[in-house]
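# Structure assessment
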Amino acid sequence: MNEQTLKVQKIKNGIVIDHIPCGMALKVLKILGIEGDRGSTVTMAMHVNGKNGPKDIVKIEDRNLDEREIDKIALIAPSATVNIVENYEVVKKHRVHVPMQIKGIVKCMNPKCITNQREPVESEFTVLSEEPLILKCRYCGREMKQKDVIESII
Amino acid sequence: MLKGKDIVSISDLSEREMQRIFSVARDMIPIAEGKEKSELLRGSILATLFFEPSTRTRLSFESAMHRLGGSVIGFSNPASTSLSKGETLADTIRTVNSYSDVIVVRHPLEGAARLAAEFAENPVINAGDGAGQHPTQTLLDIFTMLQEFGHVDGLKISLIGDLRYGRTVHSLAVALSYLGADVHLISPRTLKMPKHVIREMHHEPEIHERIDDVLRDSDVFYVTRIQKERFPDPAEYAKVANSYTITRKMTEEMKKEAIIMHPLPRVTEIEPEVDYTPRARYFKQAFYGVPVRMAILALVLGAIE
């Protein structure tokens, strides 16, 4: 067993979110609604030396991610990969990607935007740029950068 | 071409659609002036929902509908409507949609017109949503320039005043740049055109801080109101407002063909004496709101192809 594996233990079943930009692991947990007080066992490693420089890793046992959650991860960690582990083996590995339209997962930062009122609509954004991330609200036209997006994930 | 279309943002319209609106608007001028009568929209109902005060926009839409023989329902004081009882905009729109054939909406919140367009089956025309879009103003501004010069491409157009909060200048700047105009921006440092608007423009505009830099060679001076409430310090406001005022003396240095435009209401940014010079076009511009809105109503209602 090498030093790296000792730091971040293998899991039997669940997901491994790898290649998270340094310092973003806690935010990934936050948007997945994982607070560590119940449910899955969570292992997290920050600033781990990887082949392409330092990164964060999150391992969550006995849990799956739906598409909406994967989209959320893509917004804050576009370089991340999601590995699905079954019986200690990675059975599926996919890179996250930022979808063209973001619906219902980010709140518009403009307090005067109609989507922030009591109206029966979901927020919706067009992705103007993935790297750096720039979203544009389909309703009020306000542009949001990654820093704002992280604060506004629903 | 435009039947059933929502006009929420100027970018909803292609250049071809804009040209169609302008060409129909030109034919509408004698009717707008009351010299000819029309029953083109007889039997059609326009609903004007003004959740925020307006003089020109509402009256010119209503005049446009009446001039074409149509009827108008609506309100201009939301306090007297069910909105004050807490109804959502979506519900108001769904209801009014069933009472009318086309809806014009002005709302204090940004993106309200887009939402209205989603909940209405009939066409929705945005008459201003907060600091957002006001596409019919942009159309009448461009129409005015076309009537005066016959073209927009190659014109040196100076947008002056509050370019940061002034909602009409954002979509105007973008549209003009796509139509090939040479756009110049003149504003105090604190009221500069937002970067995201400049990014949307077809080519980089020239930026100045003094009117004097563009005074002698602009074809169009598009002046906007600098609002007092944007300045925490009244002395600072007075200083800024003064240096962005068009005076009668300045008009003498302008090109002979140059025109001065303003979306109105004007406060102190154009001296009243300027009204009597051959440069003033802002009242003519306000009039053009009627034929342009007549054209829009006739086209979205499908009375004209």
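Computed from a predicted model, the values in this text were never measured in an experiment. (Residues numbered from 1 in each chain as written. Chains lettered and ligands numbered in written order. Predicted model: local features only at pLDDT ≥ 70, side-chain atom pairs only at ≥ 80, totals over all residues. Heavy atoms only, no water.)

This next bit is on the overall build of chain B. A tally of regular secondary structure across chain B gives 10 helices and 9 strands. Against the globule reference of 19 Å for 305 residues, chain B gives a C-alpha radius of gyration of 19 Å, in line with a compact fold. The burial tally for chain B puts 57% of its 305 residues in the buried class. Across chain B, contacts joining residues at least 24 apart in sequence account for 70% of those joining residues at least 6 apart. With the model as given, the accessible surface of chain B reaches about 12900 Å², and the carbon-plus-sulfur share is 48%. (Helix = DSSP H or I, 4+ residues; strand = E, 2+ residues; numbered from the N terminus. Rg over C-alpha atoms; globule rule 2.2 N^0.38 Å. Buried < 20%, exposed > 50% of the residue type's maximum accessible area, 1.4 Å probe, protein only. Contact = heavy atoms within 4.5 Å. Areas by Shrake-Rupley, 256 points an atom, 1.4 Å probe, with all protein chains shown as cover.)

What follows covers the overall build of chain A. Broken down by element type, chain A carries 4 helices and 9 strands. Beginning at the N terminus, the succession of helices and strands in chain A can be written as α-β-α-β-β-α-β-β-β-β-β-β-α. Seen along its three principal axes, the alpha-carbon backbone of chain A occupies a region of about 55 × 30 × 25 Å. Residue pairs in contact within chain A that sit at least 24 positions apart in sequence constitute 58% of those at least 6 positions apart. Carbon and sulfur atoms provide 48% of the accessible area of chain A, an area that totals close to 8800 Å². The centroid of the 24 positive side-chain charges in chain A is displaced by 3 Å from the centroid of its 21 negative side-chain charges. (Lys, Arg positive; Asp, Glu negative; His and termini not counted. Charge placed at Lys NZ, Arg CZ, Asp CG, Glu CD.)

Residues and elements named next belong to chain B. Extensive coverage of strand S3 (residues 102-107) is indicated by the burial of 6 of its 6 residues. Taking every second residue as pointing to the same face, both faces of S3 are buried, with Val-102, Val-104 and Arg-106 on one and Ile-103, Val-105 and His-107 on the other. Here strand S1 (residues 45-50) pairs with S3 via 5 bridges, running parallel. Among the inter-strand pairings, Leu-49 is bridged to a residue of S3, identified as Val-105. In this fold, S3 hands off to helix H4 (residues 112-119), which returns the chain to strand S4 (residues 124-129); that crossover is right-handed. (Pairing = 2+ DSSP bridges. Right-handed = clockwise from strand over helix to strand, strands pointing away.)

This part takes up the domain arrangement of chain B. Residues and elements named next belong to chain B. Splitting chain B by domain gives domain 1 (10-133 + 289-300) and domain 2 (136-285). The straight-line distance from the C-alpha centre of domain 1 to that of domain 2 is 26 Å. For the domain 1 face of the interface with domain 2, the top three residues by lost area are Ile-10, Phe-22 and Arg-56, together amounting to 30%. Across the contact surface, domain 1 and domain 2 share 0 salt bridges. Our count for the contact surface shared by domain 1 and domain 2 stands at 3 residue pairs in polar contact (both at pLDDT 80 or more). Breaking the side of domain 1 that touches domain 2 down by element, the ones donating at least two residues are helix H1 (15-32), helix H2 (56-67), S4 and helix H10 (282-300). The element best represented in the side of domain 1 that touches domain 2 is H1, accounting for 7 residues. (Domains from an automatic or database assignment. Buried area = accessible area lost by both parts, 1.4 Å probe. Salt bridge = Lys/Arg side-chain N within 4 Å of Asp/Glu carboxyl O. Polar contact = N/O pair within 3.5 Å; in protein donor to acceptor, adjacent residues only side chain to side chain.)

What follows deals with the sheet that holds strand S8 (residues 134-137) of chain A. Residue and element names in this part refer to chain A. The strand order across the open sheet formed by 4 strands is S6-S7-S8-S9, and the pairing between neighbours is antiparallel. One side of each edge strand has no neighbouring strand; the edge strands of this open sheet are strand S6 (101-103) and strand S9 (143-145). Across the sheet, the mean angle separating the axes of adjacent strands is 30° when strand polarity is ignored. Pairing analysis gives 3 bridges linking S8 to S9, with the strands arranged antiparallel. Looking at S9, one finds that Leu-135 is bridged to Met-144. (Axes fitted to C-alpha atoms, helices over the stretch in contact; angles between N-to-C directions.)

Residue and element names in this part refer to chain A. Under the domain assignment, chain A is made up of domain 1 (7-95) and domain 2 (101-152). With 8 residues of domain 1 at the contact, the number on the domain 2 side is 11 residues. Buried surface at the junction of domain 1 and domain 2, both sides included, amounts to about 760 Å², of which 69% is carbon and sulfur. At the junction of domain 1 and domain 2, the tally comes to 0 salt bridges. The tally of links between domain 1 and domain 2 comes to 3 residue pairs in polar contact (both at pLDDT 80 or more).

To continue, consider the interface of chain B and chain A. Often, the extent of an interface is quoted as the loss of accessible area upon association of its parts. Counting residues at the interface gives 19 residues for chain B, matched by 14 residues for chain A. Together chain B and chain A conceal approximately 1400 Å² of surface at their shared face, both sides included; 50% is due to carbon and sulfur atoms. Of all residues in chain B, Leu-109, Glu-110 and Leu-115 of chain B give up the largest surface area on contact with chain A, accounting jointly for 36% of the area buried on that side. The interface formed by chain B and chain A includes 3 salt bridges. A salt bridge links Glu-118 of chain B to Arg-138 of chain A, with the shortest nitrogen-to-oxygen separation between them at 2.0 Å. Counting across the interface, chain B meets chain A through 10 residue pairs in polar contact (both at pLDDT 80 or more). Where the side of chain B that touches chain A is concerned, the elements lending two or more residues are helix H3 (89-97), H4 and helix H7 (195-200) of chain B. Residue contributions to the side of chain B that touches chain A peak at 5 residues, all from H4 of chain B. Of the residues contributing to the side of chain B that touches chain A, the split by class is 7 nonpolar, 5 polar and 7 charged. (Nonpolar A, V, L, I, M, F, W, Y, C, P; charged D, E, K, R; others polar.)

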